[in-house]
Amino acid sequence: MKIQDLFKEIFSAISGNKGRSGLTILGIVIGIASVIALVSLGQGAKNAIQKSIQSIGSNLIIVMPGAQRGIGAGISAGRGSAQTLTLADADAIKSNISNISGVAAVVSRRYQVTAAGNNTNTNVIGTVPDYTTVDNETIATGSFIADEQVNGSSKVAVLGPTTRDDLFGSGAEALGKSIRINNQNFKVIGVTTSKGGSGFNNPDDAVYIPITTAQHYLAGGNYISEITVSAIDQASMTTVQADITTLLLARHQISNSASADFSTLNQNDIVSAASSVTSTLTTLLAGIAGISLLVGGIGIMNMMLTTVTERTREIGLRKAIGAKRSDISLQFLMEAITLTFLGGTIGIVLGWLTSLILSRLISIQGQVTLFSILLAFGVSTAVGIIFGYYPARRAATLNPIEALRYE
Amino acid sequence: MIECKEITKVYQTGDVLTTVLNKVSLRIDDREFVAIVGPSGSGKSTLMHILGALDTPTSGKYFFDGKDTGTFDDNELAELRRKKIGFVFQSFNLLARATVLRNVMLPLLYSKIPDSEREKLANEALNNVGLEKEHYYKLSNQLSGGQMQRVAIARALVNNPAIIFADEPTGNLATKQSQMVMNTFRKLNEQGHTIVLITHEHDVAQNAKRMISLRDGQIESDVAI
């Protein structure tokens, strides 16, 4: 049997029963569409998370204080609570470690900030000029904190755009105005550019002040809450991380690295941890969608079995006029594959549209990859073969005499 | 050209063995027009199935063009049917959703004949059975019974088979229609086609030139008409 004859036969059979073919295809359409849409959204979520981690800065190593322990009591107050890191540690890292492009010490805490009758609760970050390099911060108007202001504990503040909007109104001029943090006056000297982001951990919702000012007037003490170090490239991150650990252990006079009073965190680790979480979620979602594809496949098998029964006499006739078993089984198998392939194609388009629409409704930008399209085609064809095989075999092995007598 | 020697066919239903054909031997030559008659249960349908290579005998040998079909596998039997045998059934067995022309071309699907040639062959076959051209593109279920059976004959004829088997071809037709169908068979036989007609109606069998009567799985008589 020639290929074009086969397709003519299949077209005539499928179009001869449009309603049933359509409903059967629908099962596959829904399965494929949900796989495409969910995988696309999973991919989008993964990209969004990676992007937001990258927006903190690149090639970062974060040094945090270790847990505070009561003397002899073994009670831990939680990681990061100890006051073990000082500005001197940050300076030592800056002058002793090679392959780094910036070191930013940070003291941060949330405070109620007021200005011109408005108030907001925001993250007040005490830091140094290097923060702009390390944290990818750029200035929209005015300037960032300068060395003199750090040395002189000046009461100046740089606002994130969201905080500016909250305090002075959207897009309003804030330069030279005064804000109150914890009942102390600060002069606004700059506003940073928006990094984008939303919700709980919005990088645009922050106030930056000199680190010394934060220590003297707000937090008290010499301690800092975090040192962010940026390595010059991704390749040197591991070495830099190890060097910092060695340096700080020596400075803190700790010989056993297991009892270190600080911890370091590598940005690559965060990215890969977050990626693996979203990948797992995507696989889970795709698995759930795959179940509907399985149900669709059973629908195909059901329809093909009905078709074979209905067309028993036709099969008998085809055999009587010389069709081989392989001709018959190929015809019915290809019919099933055509159904699932059609369903797969429509499903891909529908899944793509769904992902586009969802991307507009929620903040995740869905991404349909070539891989997921090829996978969808592959899976739908495989479903056709798997669920079409049994009905096709049944058709091929029918006894022609009994088939011709079938009522 | 076809010859069977002591063909026996036994069916088993549970523990009961039924002998449908009992050592039937016969020979049909080219250009013959044979009617196989007999009451229902005489084994004439089973005989036709074996002669038509749709079924195989339990014992005995069946030679088609001198070749022992007992040695044929499934695919070789299918090929024999495709190349040498045409079937006409009582209930026509046309594809309802296809046009007359497509129905007639159906056997050609399984041979490697080019598209243009197929349409020509189908047209010739339809012309030969006397179906008017205006019906060629109608769906087959829009025709009368007599017309449908002539389409079925054209289908049996289209691959120019050595022998045509007709199983009660007039069983579903009114007298006038049935007359027309039998005239077609006579005409085809005059053109040189070998025809084997299975029927239980004696006046239909009178159209043939030789009549084989079966009874209880054995040949009762074999006479020229």
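Every chain is numbered on its own, with residues counted from 1 as its sequence reads. Both sets of labels track the order of writing: A upward for chains, 1 upward for ligands. In view of the model being predicted, local features appear only for residues whose pLDDT reaches at least 70, and side-chain atom pairs are presented and counted only at 80 or more, with totals across whole chains, interfaces and linings using the full set of residues.

**Student:** What is the right way to look at unusual backbone geometry in this model?
**Tutor:** Trans is the common state for peptide bonds, and a negative phi is the common state for residues other than glycine. Phi at A:Gln253 is positive, roughly 55°, even though this residue is not glycine. Relative to the elements of secondary structure, A:Gln253 occurs in the loop between helix H8 (237-251) and strand S10 (262-266). With a phi angle near 55°, B:Asn93 is a residue other than glycine that sits in the positive phi range. Secondary structure elements follow DSSP: runs of H or I of four or more residues count as helices, runs of E of two or more count as strands, with numbering from the N terminus.

**Student:** Quick question: what am I supposed to make of the environment of B:Asn123 here?
**Tutor:** All names here are of chain B. Relative to the helices and strands, Asn123 resides in helix H4 (residues 115-128). When the 17 C-beta atoms within 10 Å are taken as the criterion, Asn123 is described as partly exposed. The spacing of Asn123 and Lys133 is 10 residues in sequence and 8.6 Å in space, taken between C-alpha atoms. Residue burial is a threshold on neighbouring C-beta atoms within 10 Å of the residue's own C-beta, all placed from the backbone, with 20 or more meaning buried, 12 or fewer meaning exposed, and counts in between meaning partly exposed.

**Student:** Can you walk me through the interface of chain A and chain B in this structure?
**Tutor:** Accessible area lost upon the coming together of the parts serves often as the stated size of an interface. Residues are defined as contacting one another if the C-beta atoms placed from their backbone atoms lie within 7 Å. Contacts between the two partners involve 17 residues from chain A and, on the opposite side, 19 residues from chain B. Put simply, the parts of the chain that give the side of chain A that touches chain B at least two residues each are helix H1 (3-15), helix H10 (312-320), helix H11 (325-361) and helix H13 (400-405) of chain A. Here the side of chain A that touches chain B takes 4 residues from H10(A), the largest share from any one element. A breakdown of the residues in the side of chain A that touches chain B according to their chemical character gives 8 nonpolar, 3 polar and 6 charged. In this classification, the charged set is Asp, Glu, Lys and Arg, the nonpolar set is Ala, Val, Leu, Ile, Met, Phe, Trp, Tyr, Cys and Pro, and all remaining amino acids, among them Gly, are polar.

**Student:** I keep staring at the environment of A:Met334 and nothing clicks. Help me out?
**Tutor:** Residue and element names in this part refer to chain A. Within the element layout of this structure, Met334 appears in helix H11. A residue is classified by how many C-beta atoms lie within 10 Å of it, and Met334, with 20 of them, is buried. Considering only alpha carbons, one finds Met334 and Leu6, 328 residues apart in sequence, at a separation of 8.3 Å. With residues up to four places along the chain from it excluded, the contact list for Met334 reads Leu6 and Ile10.

**Student:** Can you walk me through the domain arrangement of chain A in this structure?
**Tutor:** Split by domain assignment, chain A resolves into domain 1 (3-52 + 273-405) and domain 2 (85-260). An automatic or database domain assignment supplies the start and end points of every domain. The C-alpha-based centres of domain 1 of chain A and domain 2 of chain A are spaced at 55 Å.

**Student:** Help me understand the packing of helix H2 (residues 18-55) of chain A against H11(A), please; the structure alone is not making it clear to me.
**Tutor:** For any two helices packed against each other, one specifies the inter-axial angle together with the distance between the axes. Residues and elements named next belong to chain A. Orientation is described by lines fitted to C-alpha atoms, with helices fitted over the stretch in contact, and by angles between N-to-C directions that extend from 0 to 180 degrees. Where H2 contacts H11, the axes come no closer than 6 Å and their chain directions differ by 40°. With respect to their mutual orientation, H2 and H11 come out oblique. At the point where H2 passes H11, the crossing takes the right-handed sense. A per-class count over the contact of H2 with H11 returns 16 nonpolar, 14 polar and no charged. If an angle is under 35 degrees, it is roughly parallel; if it is over 145, roughly antiparallel; if it lies from 65 to 115, roughly perpendicular; otherwise it is oblique. Should the near helix be turned counterclockwise from the far one by less than a right angle, the crossing is left-handed, whereas a clockwise turn marks it as right-handed.

**Student:** Can you walk me through the sheet that holds strand S2 (residues 16-28) of chain B in this structure?
**Tutor:** All names here are of chain B. Read across the open sheet, the 4 strands follow the order S2-S1-S4-S5; overall the sheet is antiparallel. Taken across any chain shown, the strands that pair with only one partner, and hence form the sheet edges, are S2 and strand S5 (67-68). One ladder, built from 5 bridges, connects strand S1 (residues 2-13) with strand S4 (residues 59-64); its direction is antiparallel. Paired with Glu3 across the bridge in S4 is Phe63. We treat two strands as partners when DSSP finds at least two bridges between them.

**Student:** Sorry, what's going on with the sheet that holds strand S7 (residues 163-167) of chain B here?
**Tutor:** Residue and element names in this part refer to chain B. Spatially, the 6 strands line up as an open sheet ordered S6-S7-S8-S3-S9-S10, and their pairing is mixed. The sheet is open, and its two edges are formed by strand S6 (85-88) and strand S10 (218-224), each paired on a single side. Pairwise comparison of adjacent strand axes, ignoring direction, gives a mean angle of 15° for this sheet. In this sheet, strand S9 (residues 210-215) lies alongside strand S3 (residues 33-37) in parallel orientation, the contact comprising 4 bridges.

**Student:** Would you explain the confidence of the model for chain B in this entry?
**Tutor:** Any region with low pLDDT has predicted coordinates that should not be read closely. Scored between 0 and 100, pLDDT is the confidence that the predictor attaches to each residue. With 100% of its residues at a pLDDT of 70 or more, chain B shows a mean pLDDT of 92. Note on the complex model: pTM 0.74, ipTM 0.93.

**Student:** Can you help me understand helix H6 (residues 175-190) of chain B in this one?
**Tutor:** Helical periodicity: at 3.6 residues per turn, an α-helix aligns residues three or four positions apart in one direction. Residues and elements named next belong to chain B. Any helix carries an expected span of 1.5 Å times its number of residues minus one. The end-to-end C-alpha distance of H6, which contains 16 residues, comes to 22 Å, matching closely the 22 Å that a straight helix rising 1.5 Å per residue would cover. Turning to H6, its buried residues are Ser178, Val181, Met182, Thr184, Phe185, Leu188 and Asn189. Along H6, the residues classed as buried sweep out an arc of 150° about the axis, all on the same side. Opposite the packed face of H6, turned more than 90 degrees from it, sit the exposed residues Thr175, Lys176, Asn183 and Glu190. Turning to H6, the residues buried within the fold contact S3, helix H5 (145-157), S7, strand S8 (194-199) and helix H7 (202-205). The arc under discussion is defined with respect to the helix axis, by the directions toward the C-beta atoms.

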